[in-house]
Amino acid sequence: METQVDQEYDAEQQQTTIKLESDSDNEQEIVISTTTSDALLASLQMTCPDSEDSSNVFPGITEMPSAVALHNESSMPEFEPFMSMFTSLSKQIANFHETTDRVQKDASTIIDRLERVEKKVCISLETFKKVKDIVVKNVQPSEKSNFIFKTITNEEEFTGFDSKLGTDMKYYENIKKGLNNHIPAPDPNNRMHQMIDLIFDRTFMAQCSWFGTGKRIAFGQRKNILKLFEDIGSHKFTTISEMYVKKFLTRKLIHAKQRLNVKHTEKSVCHKRKRNSPLERVEEKVGISLETLNKVKGEPSEKSNFIFKTITNEEEFTVFDSKLGTDMKYYENIKKGLNNHIQAPDPNNRMHQMIDLIFDRTFMAQCSWFGTGEKIAFGQRKNILKLFEDIGSYKFNSVNQMYVKQFLTRKLIHAKQRLNVKHIGKSVCHKRKRNMATVTQFENQTK
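Residues numbered from 1 in each chain as written. Predicted model: local features only at pLDDT ≥ 70, side-chain atom pairs only at ≥ 80, totals over all residues. Heavy atoms only, no water.

Some thoughts on the overall build of the protein
Then, in step 1: Across its full length, the protein holds 21 helices and six strands.
Then, in step 2: Within the span of the protein, comprising 447 residues, buried residues form 29% of the whole.
Then, in step 3: A separation of at least 24 residues holds for 66% of the contacts in the protein among residues at least 6 apart in sequence.
Then, in step 4: As displayed, the protein offers around 33,000 Å² of accessible surface, 55% of which is attributable to carbon and sulfur atoms. (Helix = DSSP H or I, 4+ residues; strand = E, 2+ residues; numbered from the N terminus. Buried < 20%, exposed > 50% of the residue type's maximum accessible area, 1.4 Å probe, protein only. Contact = heavy atoms within 4.5 Å. Areas by Shrake-Rupley, 256 points an atom, 1.4 Å probe, with all protein chains shown as cover.)

Structure representation (structure tokens):
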């Protein structure tokens with residue numbers, strides 16, 4: 001009886017701990033009961049022999065899956081839609097972060113470049129503001145200039161003012177500075193018009209004319225006052241001439257009596273009449289432009305009075321070449337005189353006119369480049385050739401020694417023919433027509 005009870009107990013104990021089932025394919029599965037304690041599992045693990053694998057103890061079982069894995073496998077189908085949504089959202093967030101990083105990186109690069117540009121230019125926005133304030137202050141004064149001048153009312157004051165302008169340069173500059181500060185108009189006509197109102201009484205202006213015919217006062221004889229009109233009328237990039245001032249004042253003096261009836265209720269301005277012929281407008285504009293260009297270019301308005309004794313023999317020729325090489329001041333004076341006198345722009349005509357100014361035609365007929373026979377060697381005078389090179393080079397055109405040599409060689413060959421040419425008209429350099437092959441060959445030789 002006791003033995004039977006022990007057997008039933010052992011059977012129940014085995015059923016509550018581990019139950020082994022074998023299917024048709026001889027596969028086995030271990031089911032761990034929830035009632036099994038951790039101590040029992042540990043004892044089972046420790047009872048396994050060290051020399052044997054768990055696969056030998058439980059044949060057919062390669063790996064025991066964990067409870068977490070079993071739980072994930074059992075719950076995965078329920079969360080698949082949510083997992084896909086979370087995966088897509090995480091990818092979008094990652095892309096957004098990458099885009100943000102790129103934008104921040106580009107912005108940082110742009111800021112660095114702007115800082116480098118600012119350092120290179122050595123100027124900042126604050127400096128620009130300061131410069132702008134200074135320019136505005138200089139161009140347009142915030143306060144009205146306190147220029148005070150007693151207007152001229154009679155001929156005596158008129159003559160005294162003109163005389164003082166010519167004798168006292170400081171007084172002239174002060175009057176000029178005061179008028180420039182007080183007159184803001186940009187165009188010449190309004191500038192001179194406002195100058196008339198500041199200096200001359202209208203009643204006195206009605207008593208004047210340009211030539212002073214009859215009992216009128218001659219305005220055109222006051223050269224210093226006319227010079228002041230010219231300086232005040234010229235402003236920034238606009239330059240006026242004496243002829244422009246004369247035409248302006250002639251019109252103003254003709255209509256001076258009409259201005260007596262104009263009230264001083266508002267600021268007087270210069271009114272331009274409509275011209276039927278456009279030629280007068282063109283002449284007026286061109287007159288200003290030409291005068292401005294002459295001042296900008298620095299070219300003399302009158303013909304230069306360059307005087308040089310022409311070379312007639314070999315001794316003078318040698319002395320001239322020697323002095324050009326030893327006396328640099330003499331060289332510069334000769335060069336300056338020739339540049340002021342010669343107005344031609346192209347190298348050939350410039351050197352051609354230089355020959356007529358310095359050398360006698362009979363002497364040129366006695367020369368050749370190498371000095372063969374009884375001819376005088378022109379090519380040995382290095383300083384004179386250097387002067388030809390400097391005079392031939394003008395503005396954007398530069399000539400070299402080979403160009404000068406070829407030019408003078410042709411001139412010396414035809415020097416005898418030039419003896420028969422009369423000095424009626426101004427001599428110019430004539431260019432013969434060349435075919436393209438000759439031009440190409442000449443350009444290759446000059447390089």
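Moving on from the coordinates now.
Concerning empty space enclosed by the protein
Then, in step 1: Evaluated as defined, the whole model comprises two cavities of 30 Å³ or more.
Then, in step 2: Here the largest cavity is characterised by a volume of approximately 60 Å³.
Then, in step 3: Around the largest cavity, the lining residues are Ile196, Arg202, Met205, Lys252, Ala256 and Arg259.
Then, in step 4: At the level of elements, helix H9 (202-205) and helix H12 (256-259) are the ones that each hand at least two residues to the lining of the largest cavity.
Then, in step 5: A breakdown of the residues in the lining of the largest cavity according to their chemical character gives three nonpolar, no polar and three charged.
Then, in step 6: In this model, the second largest cavity occupies a volume close to 50 Å³.
Then, in step 7: Taken together, Ile355, Arg361, Met364, Lys411, Ala415 and Arg418 form the lining of the second largest cavity. (1 Å grid on protein atoms, 1.4 Å probe; cavity = no way out; pocket = protein on both sides within 12 Å on 5 of 7 lines; lining within 4 Å. Points joined across faces, edges and corners; volume = space filled by probe spheres on them. Nonpolar A, V, L, I, M, F, W, Y, C, P; charged D, E, K, R; others polar.)

Some remarks on the packing of helix H15 (residues 328-341) against helix H16 (residues 347-358)
Then, in step 1: At a minimum axis separation of 11 Å, H15 and H16 run at an interaxial angle of 115 degrees. At the point where H15 passes H16, the crossing takes the right-handed sense. Of H16, the residues touching H15 (which contributes Leu338, Asn339 and His341) are Arg350, Met354, Leu357 and Ile358.
Then, in step 2: Across the contact of H15 with H16, the residue classes break down as four nonpolar, two polar and one charged. (Axes fitted to C-alpha atoms, helices over the stretch in contact; angles between N-to-C directions. Left-handed = near helix turned anticlockwise from the far one by under 90°.)

Looking at helix H19 (residues 401-413)
Then, in step 1: The terminal C-alpha atoms of H19 lie 18 Å apart, and with 13 residues this matches the ideal 18 Å at 1.5 Å per residue to within 8%.
Then, in step 2: Buried residues of H19: Tyr403, Val404, Gln406, Phe407, Leu408, Lys411 and Leu412, and no others. (Expected span 1.5 Å × (residues − 1).)

A short note on the side chain of His352
Then, in step 1: Here His352 lies in helix H16.
Then, in step 2: For His352, a relative accessible area of 2% corresponds to the buried category.
Then, in step 3: A distance of 3.0 Å separates the side chain of His352 from the side chain of Lys411, its partner in a polar contact. (Polar contact = N/O pair within 3.5 Å; in protein donor to acceptor, adjacent residues only side chain to side chain.)

Observations regarding the environment of Ile232
Then, in step 1: Along the chain, Ile232 falls in helix H10 (residues 223-233).
Then, in step 2: Each C-alpha atom, one on Ile232 and one on Leu179, is 7.3 Å from the other, the two residues being 53 residues apart in sequence.
Then, in step 3: With residues near it in sequence (within four places) discarded, Ile232 still touches Lys176, Leu179, Asn180, Ile183, Arg191 and Met195.

A word on the pattern of salt bridges
Then, in step 1: Enumeration according to the criterion identifies six salt bridges in this entry.
Then, in step 2: Notably, a salt bridge pairs Lys386 with Asp390, separated by 2.9 Å at the nearest N-O pair. Pair noted here: Lys386 and Asp390 are both in helix H18 (residues 382-392), with a separation of four residues, about one helical turn.
Then, in step 3: When its relative accessible area of 16% is taken as the criterion, Asp390 is described as buried. (Salt bridge = Lys/Arg side-chain N within 4 Å of Asp/Glu carboxyl O.)

Quick word on the packing of H10 against helix H11 (residues 242-254)
Then, in step 1: Two elements in contact, H10 and H11, have axes whose closest approach is 9 Å; the angle formed by their N-to-C orientations is 100 degrees. The angle between H10 and H11 places the two elements in the roughly perpendicular class. Across the interface between the two elements, Leu226, Phe229 and Glu230 of H10 pack against Glu242, Val245 and Leu249 of H11.
Then, in step 2: The residue inventory of the contact of H10 with H11, partitioned by class, reads four nonpolar, no polar and two charged. (Parallel < 35°, antiparallel > 145°, perpendicular 65-115°, else oblique.)

Points about a nonpolar patch on the surface
Then, in step 1: On the surface, Phe79, Phe82, Met83, Met85, Phe86, Leu89 and Ile93 cluster together into a nonpolar patch covering about 750 Å² of accessible area.
Then, in step 2: Secondary-structure assignment places Phe86 in helix H4 (residues 67-121).
Then, in step 3: Given a relative accessible area of 54%, Phe86 falls into the exposed group. (Patch = residues over 30% accessible without salt bridge, like charges linked within 9 Å, V, L, I, M, F, W, Y side chains within 5 Å.)

Structural notes on the side chain of Arg381
Then, in step 1: Mapped onto the secondary structure, Arg381 falls in the loop between strand E6 (376-377) and H18.
Then, in step 2: A polar atom in the side chain of Arg381 sits 2.8 Å from the backbone oxygen of Ala377.

Quick notes on helix H14 (residues 314-326)
Then, in step 1: Over its 13 residues, H14 runs 19 Å from end to end, which matches the ideal 18 Å to within 8%, given 1.5 Å per residue.
Then, in step 2: Regarding H14, the residues found buried are Phe317, Phe320, Asp321 and Leu324. Relative to the axis of H14, the buried residues are bounded by an arc of 95 degrees and lie together on one face. Among the exposed residues of H14, those oriented more than 90 degrees off its buried face are Glu315, Val319 and Thr326.
Then, in step 3: Here the buried face of H14 lies against H15, H16, helix H17 (361-365), E6 and H18.
Then, in step 4: Among the residues of H14, the N-terminal cap falls to Asn313, whose side-chain oxygen and the backbone nitrogen of Glu315 are separated by 3.2 Å. (Arc of directions from axis to C-beta.)

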